[in-house]
Amino acid sequence: MGGSVSCCISPGESPKIHRREVELEDCPITTAEDVSEDTGTYLQHISDRELPDELAQESNPSDHPRASTLFLNKSQTDVREKRKSNYMNHTMSPGILTKKYSSCSTIFLDDSTVSQPNLKSTIKCVTLAIYYHIKNRDSNRSVEIFDEKKHPLSRDKVPDDYAVVDPEHKLIYRFIRTLFSSAQLTAECAIVTLVYLERLLTYAEMDICPCNWKRIVLGAILLASKVWDDQAVWNVDYCQILKEMTVEDMNEMERHFLELLQFNINVPGSVYAKYYFDLRSLADDNNLSFPLEPLSNKRAQKLEAISRLCEDKYKDLCKPAVRRSLSVDNMAGIKNSQAVLS
């Protein structure tokens, strides 16, 4: 790291970031002739040597909070068609409204929050996101370790058209729900699963398609459960769920998954929140409503207590900053008073 040419501009950089090529002449190496006796040895700061890659990171939604999620972009085509169809149907026959709306006397709220999402609704949203990934994929790029033909999950014969026919939404939901209910995983784990899945597609430059979706989802769930949950499910426990899958195959798939992620399993809070709210938007676009319940007195008191607790914590966090700012003013006032007395 002491040289002017660092590993940050190595040609073997991460596949998720496409940095522009840099010639060695653009990064000159400091020699003894360039060193002045007055200034001494000039050591270039690492921020000056590294290439600006903010724009490249912004294109990766699993790492940058400002980048739009892949699944939301994949679903836009179908959403526009559904909106057009619904508009035509409603103009011809309004029908009966099935969605609940709040009124002056009744307030409807769902029990899903960013810190405690609703499990069933979150799994449905994640399943829908994966469905759009498969349906609106750009190509069929894959990796051998995820190919179900070469690494089957069961002893049943894989159909000949397994790589052509897209799975239905119900099939994907049934597969994910079975894993989550058997392993007793949380809704937060489902969101992290989607983050890892999109990170894999971006880093490895591959697509999730009919031939690999089960093993990719399984690998993402396996990794998310170990990273998120305090008491993670072991690989041998997943073999109890998928009884015809060996532990060696599970371990090899997990190792390849981590290598393709370049062992980047960090999920910032801002990225997690973005995925949560984008999943809510996806649910709203597809008329997938979260369970609504009328606001009762007991629940209103609970929300008020939580709000008061958060407000007190915020005030406690602001106190040190206010004290530091006041101390500067106090010092200025003391100096002025001393000048007047003198």
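This text gives an overview of the structure that appears in the document. Position labels on residues start from 1 in each chain and follow its written sequence. For this predicted model, a pLDDT threshold of at least 70 governs which residues receive local features, and a threshold of 80 or more governs which side-chain atom pairs are given and counted, while totals over whole chains, interfaces and linings are taken from all residues. In computing side-chain properties, one takes all heavy atoms of the structure into account and sets aside hydrogens as well as water.

The next point concerns the packing of aromatic side chains. Each Phe, Tyr or Trp ring, with Trp reduced to its six-membered ring, pairs with another whose centre is within 6.5 Å; inter-plane angles below 30 degrees give stacked pairs, above 60 give edge-to-face pairs, and intermediate values give tilted ones. With the rule as written, the count across this model stands at 6 aromatic pairs. Considering the side-chain rings of Phe146 and Phe257, the 6.0 Å spacing of their centres and the 85° angle between planes classify their relative orientation as edge-to-face. Here Phe146 is found in the loop between helix H4 (119-135) and helix H5 (169-183), whereas its partner Phe257 is found in helix H9 (residues 247-260), with 111 residues between them in sequence. Relative accessible area serves as the criterion here: at 1%, Phe257 is assigned to the buried category. Note on Phe175 and Trp213: the rings are 5.5 Å apart at their centroids and 75° apart in plane angle, and the pair reads as edge-to-face. Only DSSP runs of H or I reaching four residues or more are called helices, and only runs of E reaching two or more are called strands; each is numbered from the N terminus. Buried, partly exposed and exposed residues are distinguished by accessible area as a fraction of the type maximum, computed with a 1.4 Å probe on protein chains only: under 20%, between the cut-offs, and over 50%, respectively.

Right, let's get into the layout of surface pockets. Here the second largest pocket defines a volume of roughly 560 Å³. Surrounding the second largest pocket, 23 residues form its lining, Glu148, Ser154, Leu171, Trp213 and Lys214 being those nearest its centre. Listed by contribution, the elements that provide at least two residues to the lining of the second largest pocket are H5 and helix H7 (213-228). The dominant element in the lining of the second largest pocket, judged by the number of residues it contributes, is H5, at 4 residues. When grouped by side-chain class, the residues that make up the lining of the second largest pocket number 12 nonpolar, 2 polar and 9 charged. Think of a 1 Å grid over just the protein atoms. A cavity is a set of points where a 1.4 Å probe fits yet cannot get out, a pocket is an open set with protein on both sides within 12 Å along at least five of seven lines, and lining residues have an atom within 4 Å of a point. Grid points are joined across faces, edges and corners, and a volume is the space filled by probe spheres set on the points. For this classification, Asp, Glu, Lys and Arg are treated as charged, while Ala, Val, Leu, Ile, Met, Phe, Trp, Tyr, Cys and Pro are nonpolar and the rest, including Gly, are polar.

We now examine the nonpolar core. Counting residues in each nonpolar core, the largest one holds 60 residues, and the members touching the most others are Ile130, Ile176, Ile208, Val217, Leu218 and Tyr238. Broken down by secondary-structure element, the contributors of at least two residues to this core are helix H3 (70-92), H4, H5, helix H6 (187-203), H7, helix H8 (235-241), H9 and helix H10 (269-285). Looking at this core element by element, the count peaks at 10 residues for H6. By definition, residues are in contact when any of their heavy atoms lie within 4.5 Å. Discounting chain neighbours no more than four positions away, the residues touching Tyr238 are Leu179, Ala183, Leu185, Leu218, Ile221, Leu222, Ser225, Val233 and Met250. The nonpolar core is taken to be a set of buried Ala, Val, Leu, Ile, Met, Phe, Trp, Tyr and Cys residues, with the residues joined through side-chain atoms within 4.5 Å.

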